[in-house]
Amino acid sequence: VHLQYDLISDVVIVHHKFRRIELASERIKSFTLLNHQFTRIVKDSASHSPIGKEGFYEVLYAGKVQVLKKEIKEISEELTSDQGILRRIIAKENYYICNDHRYQAVSNKKDVLAIYKDKKKEIRDYINNSGLSFRNNRADAIRKVSLYYDQISK
């Protein structure tokens, strides 16, 4: 099945013969696209989750803890006098760690250390010794730290 994921509309599309079929998102639990695993997260109004938007999140790591990435792309339109309508795609990446069935937003090393506070010293040493950079490759750093946390939390 030829599958596509539209980041702007947050929908999964299937191509069948000469048709483009948009699948009903609420009926999809998860899917894999080019070795990337996606899962659908439904916002629970009863929980105080930082997950602001219901939709598909990429699973970067799944162990005792889970690391998710939500990539959001929006089209910005600006009317200019000399070029007409100028369209830009604005991309944002948000990361979340699910620990003890609670999603927490993560944007830097400080956030990760706050989530894994029970092993804070070990995590800090691991980050420093591994040369992980939250600035240059945030997704990889969060994923590796979460994997390490799972290993030392046995």
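Above this text you will find the structure in question.
Here is what the cut-offs are and how they apply
Residues numbered from 1 in each chain as written. Predicted model: local features only at pLDDT ≥ 70, side-chain atom pairs only at ≥ 80, totals over all residues. Heavy atoms only, no water. Helix = DSSP H or I, 4+ residues; strand = E, 2+ residues; numbered from the N terminus. Buried < 20%, exposed > 50% of the residue type's maximum accessible area, 1.4 Å probe, protein only. Pairing = 2+ DSSP bridges. Salt bridge = Lys/Arg side-chain N within 4 Å of Asp/Glu carboxyl O. Axes fitted to C-alpha atoms, helices over the stretch in contact; angles between N-to-C directions. Parallel < 35°, antiparallel > 145°, perpendicular 65-115°, else oblique. Left-handed = near helix turned anticlockwise from the far one by under 90°. Contact = heavy atoms within 4.5 Å. Nonpolar A, V, L, I, M, F, W, Y, C, P; charged D, E, K, R; others polar.

### Section: the environment of Arg 19
Locating Arg 19 in the fold gives a position in strand E3 (residues 19-22). Sequence-wise, Arg 19 and Ile 89 are 70 residues apart; in three dimensions their C-alpha atoms are separated by 26 Å.

### Details of unusual backbone geometry
Phi angles above zero are rare outside glycine, and Asn 35 is one such case at about 65°. Residue position: Asn 35 is located in the loop between strand E4 (30-33) and strand E5 (36-41). What makes Asn 35 exposed here is its relative accessible area of 80%. Its identity is not glycine, yet Asp 100 carries a phi of approximately 55°, on the positive side. For Asp 100, the position within the fold is in the loop between strand E8 (84-99) and strand E9 (102-106).

### So, the pairing of E4
Burial along E4 is one-sided: the residues Phe 31 and Leu 33 are buried and none of Ser 30 and Thr 32 is. Taken together, the four bridges between E4 and E5 define a ladder with antiparallel strand orientation. By the bridge assignment, Ser 30 is partnered in E5 with Thr 39. Where E4 folds back on E5, the antiparallel hairpin that results is connected by two residues, among which Leu 34 adopts a positive phi of roughly 50°.

### Quick word on the pattern of salt bridges
Under the definition given, this model contains nine salt bridges. Lys 121 is paired through a salt bridge with Asp 125; the nearest N and O atoms lie 3.1 Å apart. Here Asp 125 and Lys 121 lie together in helix H2 (residues 120-130), a separation of four residues that amounts to about one turn. Taking relative accessible area as the criterion, Lys 121 reaches 56% and is therefore assigned exposed. A relative accessible area of 34% means that Asp 125 is categorised as partly exposed.

### What to know about the packing of H2 against helix H3 (residues 138-152)
Two packed helices can be described by the angle between their axes and the distance between those axes. It is at 10 Å that the axes of H2 and H3 come closest, and there the two elements cross at 135°. Here H3 runs oblique to H2, going by the angle between their axes. Two packed elements cross with a definite hand, and for H2 against H3 that hand is right-handed. For the pair formed by H2 and H3, the contact residues are Glu 122, Ile 123, Tyr 126 and Ile 127 on the first element and Lys 144, Val 145, Tyr 148, Tyr 149 and Ile 152 on the second. Of the residues belonging to the contact of H2 with H3, the class tally is seven nonpolar, no polar and two charged.

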